[in-house]
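# Structural description and commentary
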Amino acid sequence: MAHIIFYGIRKYLPLIQLKTLANRNIFSLIMLNMIFPFISCGSQNLANDELRELLSNSTARIVIVNYYNQIISEGSGFLFDRRGYIATNYHVISPGNGNGIFVYFEPSGKQYWNAQLVLQDQLLDFAILKINCNCDMLRPVKLGDSDKVKQLDEIFVAGYPMGGALKISRGEITSYSQRIGKSNLEYIDTSAQLDPGNSGGPLLNSRGEVIGINTMIAGRTFNLALKINYVKSHIDTVLRRAVSRTTR
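Read on for an overview of the structure. (Residues numbered from 1 in each chain as written. Predicted model: local features only at pLDDT ≥ 70, side-chain atom pairs only at ≥ 80, totals over all residues. Heavy atoms only, no water.)

## Focus: unusual backbone geometry
What counts, and what does not: Each helix corresponds to a stretch of at least 4 residues labelled H or I by DSSP, and each strand to a stretch of at least 2 residues labelled E; elements are numbered beginning at the N terminus. Any residue under 20% of the maximum accessible area for its type is buried, any over 50% is exposed, and the rest in between are partly exposed; the area is computed with a 1.4 Å probe on protein chains only.
The backbone phi angle of D125 is positive, close to 55°, even though this residue is not glycine. Looking at the secondary structure, you find D125 in the loop between β5 (112-121) and β6 (126-131). Located in the positive-phi region is M162, a residue other than glycine, with phi close to 60°. Take M162: it is sitting in the loop between β8 (154-159) and β9 (167-178). A residue is classified by how much of its surface remains accessible, and M162, at 63% relative accessible area, is exposed.

Structure (structure tokens):
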């Protein structure tokens, strides 16, 4: 095969470049690039173990209880700041009118934190919670850019479906601009199956960045996530307020 490749080089490169190829190192590099053009040394995709560790330390189970300590709603969320700020869906916390919110992370064992509702947006179906914890054991996720997603991009969804253990599913983006009904909001549709309890959990790209919030199942076809760029202004507002309080 090497003599065929070298013949191709002689045929299509100028004579002066052939003389340069006498340098063995340069010739080896060219040969490798021609034979293995798909190799990339700069890949930033997370390995399975790293992704699993990230999601177990950042994905929250959210439970809403009533006055009688009965569970009236369950969902998921994700930690985006070490000061204890968690993003989720508004419809997850709305049955309790902002009260009776408890949050659990897998590494914390059986410990639940009482959470405070600090921001809600019913139109976007978005809410931000705050827990007072020593969050050093946890690992916040990074936010990605949902405007850069493309069809067939690899994605991951995480959450606590059916009130069970943390579940991580792999899939791909099937549509990045799906609309439902008369809403002007665009959702990311994926092939990763969502179940009741996944609402509010993170949708991540292959680099481990959150690009969406798992929001709804529409029929048997659509597994929809709200684009993260819709809520970045809310997140920035909450974090600016947190900084201003600590600098007073």
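## Looking at the nonpolar core
What counts, and what does not: Among buried residues, the Ala, Val, Leu, Ile, Met, Phe, Trp, Tyr and Cys ones that are joined through side-chain atoms within 4.5 Å form a nonpolar core. The contact rule is simple, with two residues in contact once any of their heavy atoms fall within 4.5 Å.
Within the largest apolar cluster, 32 residues are counted, with the highest numbers of intra-cluster contacts made by F78, F80, Y85, F126, I128, V231 and I235. When residues no more than four places from it in sequence are discounted, the contact partners of F126 are A87, T88, N89, Y90, L119, Q120, D121, I213, V231, H234 and I235. Counting residues in hydrophobic clusters, the runner-up holds 18 residues, among them A60, V92, I101 and V103.

## What to know about the packing of aromatic side chains
Let me state the cut-off plainly: Only Phe, Tyr and Trp rings take part, Trp by its six-membered ring, and two of them pair if their centres are within 6.5 Å. Stacked means planes under 30 degrees apart, edge-to-face means over 60, and tilted covers everything else. For a lysine, the NZ atom is tested; for an arginine, the CZ atom; a charge sits over a ring if that atom is within 6 Å of the ring centre and within 35 degrees of the ring normal.
A complete count under the given rule lists 5 aromatic pairs for this structure. One cation-aromatic arrangement involves K130 over Y85; the distance from NZ or CZ to the ring centre is 5.5 Å.

## Some remarks on the pairing of β9
Put simply, the test is: Two strands pair if DSSP finds at least two bridges between them.
Relative to β9, β8 runs antiparallel, the two being bridged by 6 bridges. Its bridge partner being in β9, E154 is matched across the sheet by E172. Strand direction decides the pairing type here: β9 and strand β10 (residues 187-190), joined by 3 bridges, are antiparallel. When the sheet's bridge partners are listed, I173 is paired in β10 with T190.

## Notes on the sheet that holds β5
Spelled out, the test is: To obtain each axis, a line is fitted to C-alpha atoms, and for helices this fit is confined to the stretch in contact; angles are then taken between N-to-C directions over 0 to 180 degrees.
With antiparallel pairing, 6 strands are arranged side by side around a closed barrel as β1-β2-β3-β6-β5-β4. The mean angle between the axes of side-by-side strands here comes to 40°, regardless of whether they run parallel or antiparallel. Sheet topology places strand β3 (residues 85-88) next to β6; 4 bridges connect them, and they run antiparallel. Along β6, the bridge assignment pairs A87 with I128.

## What about the environment of T215?
Test applied: N or O atoms within 3.5 Å of each other form a polar contact, as long as, within protein, one can give a hydrogen and the other can take it, and as long as residues adjacent in sequence are counted only when both atoms are side-chain atoms.
Relative to the helices and strands, T215 resides in strand β12 (residues 209-218). Since its relative accessible area comes to 3%, T215 is described here as buried. What T215 contacts, discounting residues up to four positions off in sequence, is N89, H91, D125, Y187, S199, L224, A225 and L226. Within the structure, the side chain of T215 is placed 2.6 Å from the backbone oxygen of I213, a separation counted as a polar contact. At 3.3 Å, the side chain of T215 and the backbone nitrogen of L226 are in polar contact.

## Remarks on the pattern of salt bridges
Our working definition: Throughout this description, the term salt bridge denotes a Lys or Arg side-chain nitrogen within 4 Å of a carboxyl oxygen of Asp or Glu.
All told, the structure shown has 10 salt bridges when counted by the stated rule. A salt bridge links R179 to E186, with the shortest nitrogen-to-oxygen separation between them at 3.1 Å. Take R179: its relative accessible area is 42%, and that puts it in the partly exposed class. Two residues, R207 and E209, come together in a salt bridge whose shortest N-O distance is 3.5 Å. For E209, a relative accessible area of 22% translates into the label partly exposed.

All we've got here are geometric facts, nothing functional implied.
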